Amino acid sequence: MGLRCGIVGLPNVGKSTLFNALTQAGAVAANFPFCTIEPNHGIAEVPDERLRQLCRLVKPKQCTPTTLEVVDIAGLVKGASQGEGLGNQFLDHIRNVHALIHVLRCFDAEQVSHVGGSVDPLRDKEIVDLELQLRDLETVSRRRQRLERAVQLGDREHQQLAELLLACERHLQAGQPVRSLVLSVEQRQRLGELNLLTDKPVLYVCNVSEEDAARGNAYVERLKPLVEAEGSELLVLSVAMEAEIVRLDDAADRQAFLQAAGLTEPALHRLIRSAYRLLRYVTFFTAGPKEVRAWTVTEGTTAQRAGGVIHSDFERGFIRAEVIAYDDFVACGSEAACRQAGKLRTEGRDYVVHDGDVIHFLFNV
């Protein structure tokens, strides 16, 4: 499943360091603006204790997690929608991702320069938000103007689209992202064709000092009401500390580091789970002696479509799915024990896959 998150923000706020911590890709991270020009792409494994538990029970030859594609996008500056800095490249790259991880600097450090000359995450958020809104406003207005002739001729379908675009235009002019506009499912789907930047879900990452990683700070508290008002999520982490944790090879050392910082798990784990929630993704598992594997699908995916994520033959020749809930699998200890206990269900092609389902697909082509 091609889940792709783009890391965005002003230059020099910790985007590339976060990218490296997530993907261990070794992208250049430096204390000057526009260190990143072309976007860096990397793959992050999705941490899931359920996968580890299934592997302990089944003892397969291979245990395979699902993954998240992460894109480190060039920093944005004021005026990007008019081409300032690397604005045009930045905005075009954002169109190719499904969700945004917006990094905001929430720490003071004289040795780390800031493109704005001072630390002010509210101002930084406003700059990025405004540039995305201006680019969307340009896109929406241009599209609505192209529809004028058809609307004048009385084309009902085009008139409805024009009205929808006008509502978006007014919403953007009021300084609001398209994702906060109340629309029907059908209207949201029609807007999807435009791939608007402010229609993408956003996770705001407050990059704090190591000392503030567990509790946050005043910068974070000022941001919270703004993020809540637009229905987005906020995550507090120390990018520098997360990068240190990733470099520790020994699990005991990592746990000791986390405990010293007042944390129970790396914040990167929470970040990836938050990204999944943003896009309404769920995980199902396949489990056998050769491999236990996690797979990603969107909420509402049917068993037949889920089979197609594994292989097109599973979808094309779908017969039925044998489904075990994760909790039942763990309680019984094996697929055979689940069968004996009556916990294995036979489901048809229209069954909606639930998060944590362990599924065996039967097909014939």
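Note that the structure is a prediction, hence the values are computed from the model and not measured.

### A closer look at the state of the cysteines
Put plainly, two cysteines are in a disulfide when a covalent bond ties their sulfur atoms together.
Thinking step 1. For the structure shown, the criterion picks out one disulfide.
Thinking step 2. Between cysteine 55 and cysteine 63 runs a disulfide, and the two sulfur atoms are separated by 2.0 Å. A torsion of 85° about the S-S bond marks the disulfide between cysteine 55 and cysteine 63 as right-handed.
Thinking step 3. For cysteine 55, a relative accessible area of 13% puts it in the buried group.
Thinking step 4. Cysteine cysteine 106 remains unbridged, with the sulfur of cysteine 206 as its closest cysteine sulfur at 4.0 Å.

### Thoughts on the pairing of strand E8 (residues 281-287)
Looking down a regular strand, the side chains alternate between one sheet face and the other.
Thinking step 1. Taking burial as the measure, the seven residues of E8 include six buried ones, the bulk of the element.
Thinking step 2. Sheet topology places E8 next to strand E9 (residues 291-298); seven bridges connect them, and they run antiparallel. Along E9, the bridge assignment pairs valine 282 with valine 297.
Thinking step 3. Counting the residues in the hairpin turn of E8 and E9 gives three residues.

### What to know about the pattern of salt bridges
Thinking step 1. Taken as a whole and judged by the stated rule, the model has 23 salt bridges.
Thinking step 2. As a salt-bridge pair, arginine 339 and glutamate 322 come within 2.7 Å of each other at their nearest N and O atoms. Of this pair, arginine 339 sits in helix H14 (residues 335-340) while glutamate 322 sits in strand E10 (residues 318-324), and the two are 17 residues apart along the sequence.
Thinking step 3. With a relative accessible area of 43%, arginine 339 lands in the partly exposed category.
Thinking step 4. Put simply, arginine 339 and glutamate 335 hold a salt bridge, and the shortest N to O gap is 3.2 Å. Here the residue arginine 339 and the residue glutamate 335 both occupy positions in helix H14, the gap between them amounting to four residues, near one helical turn.
Thinking step 5. The class for glutamate 335 is partly exposed, based on a relative accessible area of 28%.
Thinking step 6. Overlapping salt bridges bring together Lys125, Asp129, Arg179 and Glu230 as one network.

### So, the environment of glutamine 187
Thinking step 1. Structurally, glutamine 187 is set in helix H6 (residues 185-192).
Thinking step 2. Residues glutamine 187 and aspartate 250, 63 residues apart in the sequence, show an inter-C-alpha distance of 50 Å.

### Comments concerning helix H9 (residues 251-260)
Thinking step 1. In this structure aspartate 250 caps H9, since a side-chain oxygen of it lies 3.0 Å from the backbone nitrogen of alanine 252.
Thinking step 2. Glycine 262 sits one or two positions beyond H9 and adopts a positive phi of about 80°.

### Focus on the packing of aromatic side chains
Thinking step 1. Going through the model one piece at a time under the given rule, you end up with five aromatic pairs.
Thinking step 2. A ring pair is formed by phenylalanine 284 and tryptophan 295, whose centres lie 6.5 Å apart and whose planes are at 15°; its orientation type is stacked. Residue phenylalanine 284 is located in strand E8, and its partner tryptophan 295 is located in strand E9; the two are separated by 11 residues in the primary sequence. Tryptophan 295 carries the same exposure label as phenylalanine 284, and that label is buried.
Thinking step 3. Ring-pair connections join several aromatic residues into one group, and the members of that group are Phe284, Trp295, Phe314, Phe361 and Phe363.

Calculation criteria
- Residues numbered from 1 in each chain as written.
- Predicted model: local features only at pLDDT ≥ 70, side-chain atom pairs only at ≥ 80, totals over all residues.
- Heavy atoms only, no water.
- Disulfide = S-S within 2.5 Å.
- Buried < 20%, exposed > 50% of the residue type's maximum accessible area, 1.4 Å probe, protein only.
- Helix = DSSP H or I, 4+ residues; strand = E, 2+ residues; numbered from the N terminus.
- Pairing = 2+ DSSP bridges.
- Salt bridge = Lys/Arg side-chain N within 4 Å of Asp/Glu carboxyl O.
- Polar contact = N/O pair within 3.5 Å; in protein donor to acceptor, adjacent residues only side chain to side chain.
- Phe/Tyr/Trp six-rings, centres within 6.5 Å; stacked < 30°, edge-to-face > 60°.

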